[in-house]
Structures are given as structure tokens and as C-alpha cells.
Amino acid sequence: MGRVTGRHLKWFVPTLVAIAVVFGFYYTTSGAAPNYQVEIDKTNNKLHLYKDGELKKTYPVATGRTEELTPEGTFTMVVKINKPGWKNIPGGDPNNPLGEKWMGLSVNGDNGRTYGIHGTNKPESIGTHASSGCVRMKKEDLIELYNTIPEGTPVWIHKGASNGKWSGDPSFAVQPTEGKVKVTVNLANVRTGPSIGAFIIQQEKTGIVLELTGFVKDWYQVKLENGKIGFIHNSTVTKVSGQPSETPTSSFVSKSGTVVTTENVVNIRSNPSLSAPIVQKVKQGTKIALTGENKDWFRVQLTTGYTAYVHKSVAKISAPAPVQKQMVTVTVNLANIRNAPSQKATIIMRVAKGTKLERTGTNGEWFIVKLKDGRTGFIHNSVAK
């Protein structure tokens, strides 16, 4: 497997992208306030950093040489490594292709040692498609991001231009909660991040009770007696107080739309319980995206991307705005409506100048229109507007 020399660990990992990585590290722990999100746009090679749902900064990056190399989806950043080693090249060496820092992503449940955000010894590659699957950053940008986001931060990777809104899966972020957990095994590892690839801060014996501060997937976030924040796998502990570690989704029915708050100040909670931690307070009239409901609670998605809950006594479903029909008007004496977006397609109707048609979409240079008899037709944009 590997060997420990002093404070350095070397770990060989065969990767899915034709890389074998050996990491050297100095571990650090940080308070994991769950309010940062990262978006990586593969098309334009940009990394967007959000805090509380607000875009804070954009960095240029390099992504995979081909589209399939850099995975798409939402992933949790689970391990941070200072001066990572690579193969036989030690961390900090100018020839090390990983640069100064490594922020490993858990992709399909792996341990954060295969895909990551890291530096580069080829700064000219930033802004291009150049890597074997990881995300490269400039040294100064990498250090700034590394010092900002904690383990447990969700990273959403996609292709296509960003619209300035984090739209990843919030279940890959640390969800706030409270209570206590008790260790049920002989020795339970408390780690720096929510992965067995993260580093062990300390080990706890059977019966030790830890303060619970959050959860993500199969991991609890806990606060230790020395004030440090760590992660412990839920298979090694049992919940002894506080709210359930995961939302009881079985009682909720999926629903879309918007809810609007109806009281002066409304508490948004981390779980569907009046004793659950308050994650946000909002004013009357605040609109929040609805994702589900049960008898007493609305399940909502906050602008930060996190799932939360608001009681039905202080909010209601907002009536959708009436749908405004989009119309086009014929501008020539007689216009052809065809059964396909082509001048060679069959003419199904001819309409006179001034005729208004309901537009349901576009296809290239053609308007898609809904006819009075329910049929769909196509009219060229040169004869209607």
C-alpha cells in the first residue's frame, strides 16, 4: 500500500484517467461552515465560487483534453492536501504536475484521490482543455480557493455556459443539524473530510459521545472536545439525541413551484421539526423554490442550493403567474404554413396578412405555431414576426 515517513504519507492510487498518483501531505482541519459551492464550466473552462448562493469570484481553469475525461455531475470535495506528491516526484518540486495543493473530489463514491482540483507546472495550459480529467488552476488562485472552501463543499461540474446560479445537487453538501452521536465500535476514525481517503484526526473509543453539527451522505460532521471539526462514518456511531440525520423523505411528495412566506419573520429549518436548527430567517413575502411537501411541511431549496423546511402555518404555495401566449403576425399577403421546418415540406394551410398565430417555439428560421384545429405547423420568420 504505502509507507509513512515522518509527517509525509505516500499513497499509490491507480486512476480512471490513466494517471497514477502518489500524495504527500500535511493535514489541516477547518471549521466546515456549509455555505460555499463551486461550479466548474467545462465549455468555457471557468470555476465559479459561490457563498450563500451568491457568486463571489470566477477563476480560469483547465479541464480534460476530451469531453469525457472530466466527469460531470455534483461531487463532494472530501480531502485537502498541501504539497501533494506525484509518482516519484515529491510535493513542492517544480516538476510536480499537481502544483502546491490538491482538493480531492469523491466521484462515484471513490476516496478523493483520483479526481481533484490542483495546481500545475504548465501554467500556459490554464483556460484550455489540457488535463487527464482533473481541474487545474493557477498557483495564486489555487491557494486562495484552498484557503477558502472546507472539506464537504459541493462541486458541480457541467458543460455549457454558467448563468450565475449554482444548480448542483444539494445532497452532496453538508446539511446542518444538531444532536449527539455515540461511538459503537472499538475505535472509530474521525477524519478531516467525509471519505476514507481523508486523513484521521483522532480515534474515539466505544461509548464516546460527540456533538453533531451536520451530515452529508453516509457521514456525520462532528465537533470534538478541542473544538476541531471532523467527519465520522455513520456505521460507527448511533444517534442519541437531536433531529434525524437525514430528511425523512419517505413522508414527502415531490412537488415543484414556489412557496411564499406569510408572517413577518419566518424560520427556515434544517429538518421538518419545530425543534430543528434554524438555518435562515426570512421576511414576509419571501419566495422560495418548492421541491416537496407532506401534511405539515414544505420542503424547499434555498438560494444557497441547500434543502430546508418551512412549516405550512407560515407559508403558502404561490399561485403561478398566468401564462402569456406568444403570438406572431403574418406580414405578407399570403403565407404558407407547412408540416415541417423546410421550404420543401407539405403546405397544410395558407393564411392572410395580419393573421395572428400562437407561437409555441422556434426551429432555426421557423416559428412553430399552434393552429385553431390543434395541429402544429411551421411558418418561416421572413413572412411573420
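Residues numbered from 1 in each chain as written. Predicted model: local features only at pLDDT ≥ 70, side-chain atom pairs only at ≥ 80, totals over all residues. Heavy atoms only, no water.

A. Structural view of the environment of Ala335. Inspection of the secondary structure assignment puts Ala335 in strand S28 (residues 334-338). Placed 17 residues apart in sequence, Ala335 and Ala352 show a C-alpha to C-alpha distance of 6.5 Å. (Helix = DSSP H or I, 4+ residues; strand = E, 2+ residues; numbered from the N terminus.)

B. Representation of the environment of Gly285 within the structure. Considering the arrangement of structural elements, one finds Gly285 in the loop between strand S22 (278-283) and strand S23 (287-293). With relative accessibility at 41%, the residue Gly285 sits in the partly exposed group. Distance from Gly285 to Val266, taken between C-alpha atoms, is 9.9 Å for residues 19 residues apart in sequence. In this view, Gly285 contacts Val260 and Thr261; residues no more than four positions away in its chain are not counted. (Buried < 20%, exposed > 50% of the residue type's maximum accessible area, 1.4 Å probe, protein only. Contact = heavy atoms within 4.5 Å.)

C. Inspection of the pattern of salt bridges at higher detail. On inspection of all chains with the given rule, the structure shows nine salt bridges. Two residues, Lys312 and Glu293, come together in a salt bridge whose shortest N-O distance is 2.8 Å. Here Lys312 is found in the loop between strand S25 (307-311) and strand S26 (315-317), whereas its partner Glu293 is found in strand S23, with 19 residues between them in sequence. The class for Glu293 is buried, based on a relative accessible area of 17%. (Salt bridge = Lys/Arg side-chain N within 4 Å of Asp/Glu carboxyl O.)

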